[in-house]
Protein chains: 4
Amino acid sequence: MRDEEFIRGRVPMTKSEVRAVSISKLELAEGEIVYDIGAGTGSVAVEMAMTTRCGHVYAVEYKKEACELIRRNREHFHVDNLTVVEGEAPGILEGMPGPDKVFIGGSKGKLQEIFDWIWNKNPDTRVVINAATLETLASVSAYLQEHKMEAEIVCVQVAKARKLGDYHLMEGQNPVYIVTIEPPGVGAVN
Amino acid sequence: MRDEEFIRGRVPMTKSEVRAVSISKLELAEGEIVYDIGAGTGSVAVEMAMTTRCGHVYAVEYKKEACELIRRNREHFHVDNLTVVEGEAPGILEGMPGPDKVFIGGSKGKLQEIFDWIWNKNPDTRVVINAATLETLASVSAYLQEHKMEAEIVCVQVAKARKLGDYHLMEGQNPVYIVTIEPPGVGAVN
Amino acid sequence: MRDEEFIRGRVPMTKSEVRAVSISKLELAEGEIVYDIGAGTGSVAVEMAMTTRCGHVYAVEYKKEACELIRRNREHFHVDNLTVVEGEAPGILEGMPGPDKVFIGGSKGKLQEIFDWIWNKNPDTRVVINAATLETLASVSAYLQEHKMEAEIVCVQVAKARKLGDYHLMEGQNPVYIVTIEPPGVGAVN
Amino acid sequence: MRDEEFIRGRVPMTKSEVRAVSISKLELAEGEIVYDIGAGTGSVAVEMAMTTRCGHVYAVEYKKEACELIRRNREHFHVDNLTVVEGEAPGILEGMPGPDKVFIGGSKGKLQEIFDWIWNKNPDTRVVINAATLETLASVSAYLQEHKMEAEIVCVQVAKARKLGDYHLMEGQNPVYIVTIEPPGVGAVN
């Protein structure tokens, strides 16, 4: 899905290329319960919900303004399998259904607690994290090392041509680390 | 889909991240006729065929060895809406059904003729090209300029962590230009 | 040299990392006559002039405002082996001394004519070009192909950490193609 | 300097573009005492020693085979202001002269101790680190955070054209984080 199709405010949005790679890493299957934690504008949540394979998406976001954007994008794209959950993860997740897949776009420094909630609920959950800062990446690495877990880590850097008269200037976007964590046991299925 | 799941020979394969972005740019819809020209191992063709939205995929490839790989991958993934077309584009495409979407992974220096075939058959066809060489990129640009057509051009560069003892070394993959051409008229629908 | 040390206006400046790689590719030697064509703020010209090995640098620039910046940077860094040449290349170069090395940061679409001037004056001149647009890159490639010349082509993409509270966000800069052309015969010296 | 000019064994070598950026960040000045810790083939050490501005370079390396390569490169380039120090840092550094500038290309997991030695010897030392692994980067970050020090962090990703018949394939090299640490006080000079 194209970035221009989404209703955007001043909330930062995952760019289309990083979104495509991140969702592809989740390997969504029919009927799955999916979370988008730190959903921002909801672009990842909406794109996940629109893949026919996905059962229900919970978009978790603590900023009021961003939640409003997600609701508007949900309406704009006529999505009906997407619930906006306003509040901070993991606290707000208490009592919610266990996930099959989780995308984490933002964690407000509570990555460890969010991981704990996820794998307590369902130890088989596949998780994809987008890290744009060195600290988030270090935080993921520290958790993996402490729990002796493995992950696939890729860094995606996109440059996009912008027209300047008759010329196309390549403009660099911010590199994003996409970390995919598949707890032991799940991989065996494939 | 993961690279390791595909049966590979010595044929170069589009990497999973570039595949995900490229397919996302095609915006495949239900029942569409899709071509993968220069299909190689067939990884893009198979992934397109497996998205439930896509009607039928024609994987066009002139190398015997690669065609055999595509057939094996088709079987491996239980795909039944994928036809292997052995031969060189655009010659081999004579008489085949008009495309809705085309992915071009290889063109053997016949990009201009392939473009001509595509838009003669269906002037609305959305085309996504992967260019790994400067000459392919220049060839696309020259065609666009000559025909006063616009395109979205992104360059995707991926680095992937490889375990070295307790360390993760980031290994650079080759950058790929992903060019998306949407003929005038189609865009108006959005 | 750091970007912050230069006096900058609204003129785009070659970033320090790309400047370092580009100057390194020139392999400047003592007493050489060096040109910086499309000199902009003069950051490349000043850094070249300040390496003790370089004899004299001519900074060629057609924008009045940019020429003024180069003069101010020349003064700021106490450089005395740098001459500002106000006007358009290659016309303005008529009658000037033959170059040993040339850096081209901008060519106003006259790359072919500039190349012709350079190698007419001195067929051994080593040239380094920075191309930020696809068209400049294609123009260089076309010249090389036509004249059966070889070049080293690298693309340098830099991301730089920016502090956001306690976090470091990696910000992508524009990728720049750095093309190094060494006419046949020169390489034999090494 | 070009990679091909160096005598190389199976020892990994800092690539020319990363070398140029790293040395540029050190801002070498005449007569300075410079260390290259984890010197590998000695390409950084030799290039630093050959800049006329630099006084003496100590290339510290614990692998016998690599030390031999550094000695051969020193001879090959007729460098006389370069000493090979065979052994592990920081232990081997005991009693050696205080540094003005230090480049760290490898640290065998002893980054913290090496930092301690450096800034104990000379609290004004400017240090540039090349990190190719996430763990080295995390280790640098942890030290900075603990000591409330600031650094400039850039990630340099280079792709280089390789000729394939008439085509130029862009080949991705590994991204390298270049971290520049300038202790408080030094910056005030500028």
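Above this note sits the structure.
Being a predicted model, the structure only gives us computed values, none of them experimental.

Draft legend 1. View of the relation of the copies chain C and chain B. For the pair chain C and chain B, the superposition axis carries a translation of 0.0 Å, the fit reaches an RMSD of 0.0 Å, and the rotation angle comes to 180°. With respect to symmetry, the two chain copies, as superposed, fit the operation of a two-fold axis. Among all residues of chain C, the one whose C-alpha sits closest to the rotation axis is Ala138(C), at a distance of 3.0 Å. Of the residues that chain C buries at the interface, 100% are likewise interface residues in chain B, meaning the two copies contact each other through the same surface.

Draft legend 2. Inspection of the pairing of strand β1 (residues 32–37) of chain B at higher detail. Residue and element names in this part refer to chain B. Most of β1 sits out of view: five of its six residues are buried. Relative to strand β2 (residues 54–61), β1 is paired through six bridges, and the arrangement is parallel. Pairing of Ile33 across the sheet is with His56, part of β2. The pairing of β1 with strand β4 (residues 101–104) spans four bridges and is parallel. If you follow Tyr35 over to β4, its bridge partner there is Val102.

Draft legend 3. Representation of the environment of Val102(A). All names here are of chain A. In this structure, Val102 sits in strand β4 (residues 101–104). Each C-alpha atom, one on Val102 and one on Thr125, is 7.1 Å from the other, the two residues being 23 residues apart in sequence. Once residues lying within four places of it in the same chain are set aside, the contact partners of Val102 are Leu26, Tyr35, Ile37, Ile118, Thr125, Arg126, Val127 and Val128.

Draft legend 4. Representation of empty space enclosed by the protein in the model. Throughout the structure, instances matching the rule amount to three cavities of 30 Å³ or more. As for the largest cavity, its lining consists of Leu134(B), Leu137(B), Ala138(B), Ser141(B), Leu134(C), Leu137(C), Ala138(C) and Ser141(C). Residue assignment for the lining of the largest cavity shows that the elements contributing at least two residues are α5 (134–146) of chain B together with α5 (134–146) of chain C. Partitioned by chemical class, the residues of the lining of the largest cavity number six nonpolar, two polar and no charged. Roughly 60 Å³ of volume is contained in the second largest cavity. Looking at the second largest cavity, the residues that line it are Leu134(A), Leu137(A), Ala138(A), Ser141(A), Leu134(D), Leu137(D), Ala138(D) and Ser141(D). Taken together, the elements giving at least two residues each to the lining of the second largest cavity come down to α5 (134–146) of chain A together with α5 (134–146) of chain D.

Draft legend 5. The arrangement of the interface of chain C and chain D in detail. The partner chain D presents 32 residues to the 32 residues of chain C that form the contact. Roughly 2,400 Å² is buried in total at the junction of chain C and chain D, and carbon and sulfur atoms are behind 44% of that figure. In this structure, the connection of chain C to chain D is made through ten salt bridges. A salt bridge links Arg2(D) to Glu182(C); the shortest N-O distance between them is 2.8 Å. Summed over the shared surface of chain C and chain D, the number is 17 residue pairs in polar contact (both at pLDDT 80 or more). Sorting elements by how many residues they give to the side of chain C that touches chain D places strand β6 (residues 152–164) of chain C first, with eleven residues. Residues belonging to the side of chain C that touches chain D are distributed by class as follows: 13 nonpolar, seven polar and twelve charged. Judged from the seven bridges that link them, β6(C) and strand β6 (residues 152–164) of chain D form a sheet pairing that is antiparallel. Considered in β6(D), the bridge of Val156(C) is made with Val158(D).

Draft legend 6. Structural context of the interface of chain C and chain B. Each partner contributes residues to the interface: chain C has five residues there, and chain B has five residues. The largest contributions to the chain C side of the interface with chain B come from Leu134(C), Gln157(C) and Tyr177(C), which together make up 61% of the buried area. Viewed at the interface, chain B and chain C are joined by zero salt bridges. Across the chain C-chain B interface, the total number found is one residue pair in polar contact (both at pLDDT 80 or more).

Draft legend 7. Spotlight on the side chain of Ser43(A). Residue and element names in this part refer to chain A. As for its placement among the helices and strands, Ser43 is situated in helix α2 (residues 43–50). Judged by relative accessible area, which is 2%, Ser43 ranks as buried. Within the local environment of Ser43, its side chain forms a polar contact with the side chain of Arg19, the two groups lying 3.5 Å apart. Non-local contacts of Ser43, meaning those with residues more than four positions away in its chain, are made with Phe6, Met13, Thr14 and Arg19.

Draft legend 8. Spatial organisation of the relation of the copies chain C and chain D. The transformation that overlays chain C on chain D combines an axial shift of 0.0 Å with a rotation of 180°, and the residual RMSD is 0.0 Å. The fraction of interface residues of chain C whose copies in chain D are also interface residues reaches 100%, indicating that both copies meet through the same surface.

Quick notes on the rules
Residues numbered from 1 in each chain as written. Chains lettered and ligands numbered in written order. Predicted model: local features only at pLDDT ≥ 70, side-chain atom pairs only at ≥ 80, totals over all residues. Heavy atoms only, no water. Least-squares fit on C-alpha atoms with pLDDT ≥ 70 in both. Contact = heavy atoms within 4.5 Å. Buried < 20%, exposed > 50% of the residue type's maximum accessible area, 1.4 Å probe, protein only. Helix = DSSP H or I, 4+ residues; strand = E, 2+ residues; numbered from the N terminus. Pairing = 2+ DSSP bridges. 1 Å grid on protein atoms, 1.4 Å probe; cavity = no way out; pocket = protein on both sides within 12 Å on 5 of 7 lines; lining within 4 Å. Points joined across faces, edges and corners; volume = space filled by probe spheres on them. Nonpolar A, V, L, I, M, F, W, Y, C, P; charged D, E, K, R; others polar. Buried area = accessible area lost by both parts, 1.4 Å probe. Salt bridge = Lys/Arg side-chain N within 4 Å of Asp/Glu carboxyl O. Polar contact = N/O pair within 3.5 Å; in protein donor to acceptor, adjacent residues only side chain to side chain.

None of this, on its own, says anything about what the molecule does.
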